[in-house]
Amino acid sequence: MDINDDPALNIAQARAEWDVQRTFLDSCSYGPPPRRGWEAMQRSLDEWRAGSVPWQTWAESVDASRELFGRLVGAPAGQVATGAAVSQLLAPIAAALPDGAEVLIPDFEFTSGVYPFAVHADRGVRVRTAPLATLAEAVDESTALVSFSAAQSATGEVADIPAITRRAREVGAITVLDGTQAAGWLPLDAKQVDFLAVAAYKWLCAPRGTAFLTLPTRDSAADAPETADTSDTVGTDHLCRDDFFGRLKPLAAGWFAAGAGASYGMPMHLADGARAFDISPAWHSWVGAAPALELLLEIGIDQIHTHDLALANRFRAGLGLGESDSAIVTIDLDAGQRSWPGALDRLDAAGVRYSQAGGNMRFGFHLYNDEADVDTALNAVTGTVTS
Ligand SMILES: Cc1ncc(COP(=O)(O)O)c(C=O)c1O
């Protein structure tokens, strides 16, 4: 059964699973856990304190989360690696780029999608930037890899994933999508890109220290979308995708990346598939992650998408802004304070939890929010009281 077509829970039922205070609108920074995730994590902390269970009990949550995340983004568990942070998961991808490769990113991309590539400047890896709105047009024959967020951290702007990946395929460029500000409210399909990285502590409502990367494995390479033959059209320094995937190494491989039974010494037995890219898991965080992912699947991302956009657009309408396709609404800090003097003080006084990022006030609307939250924030920003 496709749970998105027939959700087990509606939004009202889902909201009852959270204990989020009014008026929390900061899912761009972190997502509070559903009660079942919180309770599972507390139980595991008690077990740790008492020494009452073997560690394997907690580690089982890593594979459970891997499988659940895979279902959320349409990837088999064997293609999902787990880690602690997006930047850590992107590091091996950047290391596999040849010297002198060009990486294209949106000009206001979150640092964790930029620095993993920029640190390779000493071997000639160049990071070129372009506005997100024209990123697809900015891809050219010199582009080896395009790294971009599905929803921008600072602005909430949603990327045109099909347009960017289509153009990247035409020139044979690798695509890396950061779904951290999108997974949990925006339907994502890992098959659209070569790599999908997601930190789960925001819109997926998991504890910090849980992140995923989908990556092509040997078995999946045969299913990869057709890539144009660029050999006649580009210079000799252009990326060869086969060489790139051949160079991709699990640079932080340790005992958790090992195949069954391999804990000591040589020879090396790496686990099959994406698991080789795992790092040793933060056990208790993963215990909290699995129930949150399970619950999101029960609710269905389509339903959350509709709900979150409705709230965001209600907020936008109240601010005099047109409709948008993002659950994140941002207001330029300076312009906002000119239009609505005292807005920041009123937001604080009303107990609205939002964030300031990249010179913007940033509001995130998620499944545990409702129209009353929107109206509280609107009244605080604009200084008007609506019924
Ligand atoms: C788009 C995006 N990616 C990634 C992250 C987190 O990166 P990391 O997991 O490396 O801390 C954030 C955090 O704000 C983000 O907004």
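All values derive from a computational prediction rather than experimental measurement.

Moving on to unusual backbone geometry. Between arginine 22 and the following residue, threonine 23, the backbone shows a cis peptide bond with an omega angle of -5°. A cis geometry characterises the amide bond from methionine 266 onward to proline 267, with omega recorded as 0°. Residue placement: proline 267 occurs in the loop between helix 9 (241-247) and helix 10 (283-299). In this structure, cysteine 205 takes a positive phi of about 60° despite not being glycine. For cysteine 205, the position within the fold is in the loop between strand 6 (195-199) and strand 7 (211-214).

Together, Met266, Met268 and Leu270 make up an exposed nonpolar region whose accessible area comes to about 350 Å². Mapping leucine 270 onto the fold places it in the loop between helix 9 and helix 10. Leucine 270 gets classed as partly exposed once you look at its relative accessible area, which sits at 31%.

Right, let's talk about the packing of aromatic side chains for a bit. Taken as a whole and assessed by the stated rule, the structure comprises 16 aromatic pairs. Relative to phenylalanine 212, the ring of phenylalanine 69 has its centre 4.2 Å away and its plane inclined at 0°; by these criteria the two rings are stacked. Within this pair, whereas phenylalanine 69 is found in helix 3 (residues 56-73), its partner phenylalanine 212 is found in strand 7, the two being separated by 143 residues in sequence. Overall, phenylalanine 69 belongs to the buried group, its relative accessible area being 0%. A relative accessible area of 0% means that phenylalanine 212 is categorised as buried. Members of the aromatic cluster, joined through ring pairs, are Trp55, Trp58, Trp255, Phe256 and Trp283. The ring of tyrosine 201 is capped by arginine 208, whose NZ or CZ atom sits 3.8 Å from the centre of that ring. Above the face of the phenylalanine 256 ring, arginine 275 is positioned so that its terminal group lies 4.0 Å from the ring centre.

Okay, empty space enclosed by the protein next. In this structure the tally under the stated criterion is 2 cavities of 30 Å³ or more. A volume near 30 Å³ is recorded for the second largest cavity. In this structure, the second largest cavity is lined by Leu72, Val73, Ala183, Gly184, Leu186, Pro187, Leu188 and Ile301. Each residue belonging to the lining of the second largest cavity can be placed in one class, and the counts come to 7 nonpolar, 1 polar and no charged.

Before going further, it helps to examine the domain arrangement of the protein chain. Annotation of the protein chain at the domain level lists domain 1 (11-24 + 300-382) and domain 2 (56-294). The C-alpha-based centres of domain 1 and domain 2 are spaced at 29 Å. Listed as interface residues are 20 residues of domain 1 and, on the opposing side, 15 residues of domain 2. For the pair domain 1 and domain 2, the two sides together bury roughly 1,400 Å², of which 64% comes from carbon and sulfur.

Inspection of the secondary structure puts asparagine 360 in strand 10 (residues 360-364). Its relative accessible area of 10% is what places asparagine 360 among the buried residues. For asparagine 360, the side chain forms a polar contact with the main-chain oxygen of alanine 154, separated by 2.9 Å. Those residues within four positions of asparagine 360 in sequence are excluded, and the remaining contacts are Ala154, Thr155, Thr330, Ile331, Asp332, Leu333 and Ser355.

What counts, and at which threshold
- Residues numbered from 1 in each chain as written.
- Predicted model: local features only at pLDDT ≥ 70, side-chain atom pairs only at ≥ 80, totals over all residues.
- Heavy atoms only, no water.
- Helix = DSSP H or I, 4+ residues; strand = E, 2+ residues; numbered from the N terminus.
- Patch = residues over 30% accessible without salt bridge, like charges linked within 9 Å, V, L, I, M, F, W, Y side chains within 5 Å.
- Areas by Shrake-Rupley, 256 points an atom, 1.4 Å probe, with all protein chains shown as cover.
- Salt bridge = Lys/Arg side-chain N within 4 Å of Asp/Glu carboxyl O.
- Buried < 20%, exposed > 50% of the residue type's maximum accessible area, 1.4 Å probe, protein only.
- Phe/Tyr/Trp six-rings, centres within 6.5 Å; stacked < 30°, edge-to-face > 60°.
- Lys NZ or Arg CZ within 6 Å of the ring centre and 35° of its normal.
- 1 Å grid on protein atoms, 1.4 Å probe; cavity = no way out; pocket = protein on both sides within 12 Å on 5 of 7 lines; lining within 4 Å.
- Points joined across faces, edges and corners; volume = space filled by probe spheres on them.
- Nonpolar A, V, L, I, M, F, W, Y, C, P; charged D, E, K, R; others polar.
- Domains from an automatic or database assignment.
- Contact = heavy atoms within 4.5 Å.
- Buried area = accessible area lost by both parts, 1.4 Å probe.
- Polar contact = N/O pair within 3.5 Å; in protein donor to acceptor, adjacent residues only side chain to side chain.

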